[in-house]
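Understanding the architecture of this molecule
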Amino acid sequence: MPNKASPDLDRVSLKLLKSVRVEISTPLSHIFNLSLENGVFPDALKCTRTVPVFKQVSKNSCDNYRPISLVKAFSKILEKIVAIKLTNHLDINKLLYKHQYGFQRNKQTEHNLINLLSYVSNAINDGNYCMGIFLDIKKAFDCVPHEILYKKLEHLGVRGTTLKWFKSYLSNRSQKCDVNGSLSGLGFIDIGVLQGSTLGPILFLCFINDLPCSNMMYSLLFADDTACLISKNNLNDLFTTANAELHKIAIWFKANKLAVNVKKTKYIIFHQRQKKSTFRDSNSTTMTTTRLKTWTNIDPK
């Protein structure tokens, strides 16, 4: 654990815990063992200090802030223990999608880019058009429905007391928002996984794990950032197929109660210099520029 002096809501820091680790190790291990054996996460550790981190554009819109949760120091230790066990279970049984490169051991952003470049290069070398569709999920971590996450964890082999522990960990959580050193009143959280926590990213990987299975495109993921690739020799066929596959993705998003950020979701056509990037629309006698038709449908609302 990092040797941080920043205090949590109880004014306890990791640096303080490290300085008394010998004295607290026995009672702490007893409490943690009871938690894991009974499937109960201590209520005293469920309140977090949430700091809104500005991302871009206007500072007057709440949508432009990322909520980073600073969990309690004791919670970090217990989460770390469970995170290691859950990661080992997923790795040993090879349960996570092989092209998921976010928050993974021995996987980096470079691996994601290498696979993307390889797919595009092979398509161009074969004389095909290649389309890259880059999905941006709106408030991905903050909008994970717990009931759907529990079902996915169970499908991945997390059952019995272990699943009960995760349900206890996610339920009845609360937060206080810290803005310029001033704390808000207590607010309760009944959706999402915590950004800034140890378990939050791993739980999100479990939640989004079946997204690539919803369509036939070649998918590359870095946590919630998703690149979908498809290639065809004919431009008309490429767009027809892409829109059909995007419709399948739209169904997955609706079923999982997530939404795509349309403004940040983009696509690009890769092709040889001599190939045209316009096609004849089946409903028109004129040539039209390339476009996709499905973006506005990828929204549960």
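Before going into details, it helps to say that this report is about the structure given with it. Computed from a predicted structure; not experimentally measured.

1. Details of the sheet that holds strand β3 (residues 129–135)
Read from one edge of the open sheet, four strands run β7-β8-β3-β9, paired in antiparallel fashion. With one partner strand each, in any of the chains shown, β7 (218–222) and β9 (266–270) form the two edges of the open sheet. With strand direction ignored, the average angle separating the axes of adjacent strands in the sheet is 15 degrees. Packed on one face of the sheet, helix α4 (residues 109–125) meets β3, β7, β8 (225–232) and β9 and runs near 160 degrees to β7. Lying over the sheet, helix α8 (residues 235–255) contacts β3, β8 and β9, oriented at roughly 25 degrees with respect to β3.

2. Notes on the packing of aromatic side chains
Taken as a whole and judged by the stated rule, the model has ten aromatic pairs. A ring pair is formed by Tyr119 and Tyr218, whose centres lie 5.0 Å apart and whose planes are at 5 degrees; its orientation type is stacked. Of this pair, Tyr119 sits in helix α4 while Tyr218 sits in strand β7, and the two are 99 residues apart along the sequence. Here Phe239 and Tyr267 contribute two aromatic rings whose centre-to-centre distance is 6.1 Å and whose plane-to-plane angle is 85 degrees, an arrangement assigned as edge-to-face. Note that Phe239 is positioned in helix α8 and Tyr267 in strand β9, a separation of 28 residues in sequence. The class of Phe239 is buried, set by a relative accessible area of 3%.

3. Some remarks on the environment of Leu95
Its place among the elements puts Leu95 in the loop between α3 (73–92) and α4. Distance in space between the C-alpha atoms of Leu95 and Leu238 is 31 Å, their sequence separation being 143 residues.

4. A word on the nonpolar core
Nonpolar side chains tend toward joint burial in soluble globular proteins. Ranked by internal contacts, the top residues of the largest apolar core, which has 58 residues, are Phe166, Leu203 and Phe253. For this core, the elements supplying multiple residues, two or more each, are α2 (21–38), α3, β3, α5 (146–155), α6 (160–170), α7 (199–208), β8 and α8. Ignoring any residue separated from it by four or fewer positions in sequence, one finds Phe166 in contact with Val82, Leu86, Tyr150, Leu153, Val158, Leu199 and Leu203. Grouped together as the second largest cluster of nonpolar side chains are eight residues, Val120, Cys130, Leu220 and Leu229 included.

5. Remarks on the packing of α5 against α6
Orientation of α5 relative to α6, taken along the N-to-C sense of each, is 160 degrees, at an axis distance of 11 Å. One way to sum up the angle between α5 and α6 is to call them roughly antiparallel. α5 and α6 meet at a crossing whose hand is right-handed. Contacts between α5 and α6 involve His146, Leu149, Tyr150, Leu153 and Glu154 from the former and Leu163, Phe166, Lys167 and Leu170 from the latter. Of the residues belonging to the contact of α5 with α6, the class tally is six nonpolar, one polar and two charged.

Definitions and limits used
Residues numbered from 1 in each chain as written. Predicted model: local features only at pLDDT ≥ 70, side-chain atom pairs only at ≥ 80, totals over all residues. Heavy atoms only, no water. Pairing = 2+ DSSP bridges. Helix = DSSP H or I, 4+ residues; strand = E, 2+ residues; numbered from the N terminus. Axes fitted to C-alpha atoms, helices over the stretch in contact; angles between N-to-C directions. Contact = heavy atoms within 4.5 Å. Phe/Tyr/Trp six-rings, centres within 6.5 Å; stacked < 30°, edge-to-face > 60°. Buried < 20%, exposed > 50% of the residue type's maximum accessible area, 1.4 Å probe, protein only. Core = buried A, V, L, I, M, F, W, Y, C linked by side-chain atoms within 4.5 Å. Parallel < 35°, antiparallel > 145°, perpendicular 65-115°, else oblique. Left-handed = near helix turned anticlockwise from the far one by under 90°. Nonpolar A, V, L, I, M, F, W, Y, C, P; charged D, E, K, R; others polar.

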